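An overview of the molecular structure
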Amino acid sequence: HLNVNRSNLLMHTSLNTLPSYTDIILFIEPWFSRIGHQPSVLSSDPIPLFGSVSHPMWTSFSPYGAFTEDNPPHVIIFIRKHLSHLFSLTPQLSSSPLTVAVSSLTSPPFTFLGVYHRPHYTDDFLSHFLSLPLFNFPHLIISGDFNLHHPAWSLGDSVDSTPASRDLFNFL
């Protein structure tokens with residue numbers, strides 16, 4: 001996964017330069033903005049369309065939702081176009097702007113879940129994450145940034161755990 005800090009340039013650069021053996025990439029904090037407009041049947045004012053980066057070699061998978069610049073998705077998965085027909089968006093795990101998942105249509109199937117927990121936010125992200133039906137997906141790969149510190153996965157000896165990081169550690 002790659003946190004691009006909402007940079008259009010970093011997303012395009014990554015998609016253009018990733019090695020050919022990279023088939024799936026999770027972007028955290030992707031660029032998301034107005035990409036055009038469509039005519040309105042109710043008004044003379046056009047309706048703005050919002051989206052992320054587009055690339056001829058990649059297919060993007062975003063969480064479900066009506067996103068705007070002020071309420072963007074925080075995770076987007078890109079899959080190489082020649083493989084994208086082998087995947088579908090997984091609705092049960094893609095109902096939040098902070099999680100997105102794709103499931104393979106191959107045998108055995110696997111699911112790739114991208115996760116982002118915004119630092120310093122008081123939202124109840126961990127409760128949402130732990131309430132997802134993760135055990136319904138026996139071949140689940142989780143990638144992302146939880147922004148939680150714990151001695152089990154942090155470098156250095158002076159890292160203290162938090163209640164949220166202990167909950168996640170106990171879950172894993």
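A few points on the structure.

Rules and cut-offs
Residues numbered from 1 in each chain as written. Predicted model: local features only at pLDDT ≥ 70, side-chain atom pairs only at ≥ 80, totals over all residues. Heavy atoms only, no water. Helix = DSSP H or I, 4+ residues; strand = E, 2+ residues; numbered from the N terminus. Polar contact = N/O pair within 3.5 Å; in protein donor to acceptor, adjacent residues only side chain to side chain. Contact = heavy atoms within 4.5 Å. Core = buried A, V, L, I, M, F, W, Y, C linked by side-chain atoms within 4.5 Å. Buried < 20%, exposed > 50% of the residue type's maximum accessible area, 1.4 Å probe, protein only. Patch = residues over 30% accessible without salt bridge, like charges linked within 9 Å, V, L, I, M, F, W, Y side chains within 5 Å. Areas by Shrake-Rupley, 256 points an atom, 1.4 Å probe, with all protein chains shown as cover. Salt bridge = Lys/Arg side-chain N within 4 Å of Asp/Glu carboxyl O. Phe/Tyr/Trp six-rings, centres within 6.5 Å; stacked < 30°, edge-to-face > 60°. Arc of directions from axis to C-beta.

Some details on the side chain of His74
Relative to the elements of secondary structure, His74 occurs in the loop between β5 (58-61) and β6 (75-80). Here Arg6 takes part through its side chain, which lies 3.2 Å from a polar atom of the side chain of His74. Once residues within four sequence positions are removed from consideration, His74 is found in contact with Arg6, Phe27, Ile28, Glu29, Pro30, Pro97, Leu98, Tyr116 and Arg118.

Let's talk about the nonpolar core
By size, the foremost hydrophobic cluster in this structure holds 27 residues, and its most contacted members are Ile77 and Phe129. Counting residues per element, the ones that place at least two in this core are β2 (24-28), β6, β7 (87-89), β8 (99-104), β9 (111-116) and α2 (125-131). It is β9 that contributes the most residues to this core, 4 residues altogether. Setting aside residues up to four positions removed in sequence, Phe129 forms contacts with Leu113, Val115, Leu134, Ile142, Phe146, Leu168 and Phe171.

Let's talk about a nonpolar patch on the surface
A grouping of Trp153, Phe169 and Leu172 is seen on the molecular surface, where their side chains present a nonpolar patch of about 330 Å² in accessible area. In this structure, Trp153 sits in the loop between β10 (140-145) and α3 (163-171).

Re the pattern of salt bridges
All told, the structure shown has 1 salt bridge when counted by the stated rule. Glu29 is the partner of Arg6 in a salt bridge, and the nearest nitrogen-oxygen pair spans 2.7 Å. Of this pair, Arg6 sits in the loop between β1 (2-3) and α1 (8-17) while Glu29 sits in the loop between β2 and β3 (33-38), and the two are 23 residues apart along the sequence.

Details of the side chain of Ser7
Tracing the sequence through the fold places Ser7 in the loop between β1 and α1. The buried category is assigned to Ser7, whose relative accessible area is 19%. At 3.4 Å, the side chain of Ser7 forms a polar contact with the backbone nitrogen of Leu9.

Focus: the environment of Thr90
Tracing the backbone through its elements, the reader meets Thr90 in the loop between β7 and β8. Residue Thr90 is classed as buried on the basis of its relative accessible area of 4%. As for Thr90 and Val102, which are separated by 12 residues in sequence, their C-alpha atoms are 5.1 Å apart. Discounting chain neighbours no more than four positions away, the residues touching Thr90 are Ala101, Val102, Ser103, Thr111 and Phe137. Within the structure, the side chain of Thr90 is placed 2.7 Å from the side chain of Ser103, a separation counted as a polar contact.

Concerning the packing of aromatic side chains
Counting across every chain of the model gives 9 aromatic pairs. Summarising the aromatic geometry, the rings of Phe87 and Phe110 are spaced 5.7 Å apart at their centres and angled 80° between planes, so their arrangement reads as edge-to-face. One end of the pair, Phe87, is in strand β7; the other, Phe110, is in the loop between β8 and β9, with 23 residues separating them in the sequence. An aromatic cluster is defined as three or more aromatic residues linked by ring pairs; in this entry it consists of Phe125, Phe129, Phe135, Phe146 and Phe171.

A short note on α1
Listing the buried residues of α1 in full gives Met11, Ser14 and Leu15. The buried residues of α1 occupy an angular sector of 95° when the element is viewed end-on, so they sit on one face. Away from the buried face of α1 by more than 90 degrees, exposed residues Leu9, Asn16 and Thr17 are located. The inward-facing, buried residues of α1 contact β1, β2, β5 and β6. The backbone nitrogen of Leu9 has a side-chain oxygen 3.4 Å away, supplied by the residue at the start of α1, namely Ser7.

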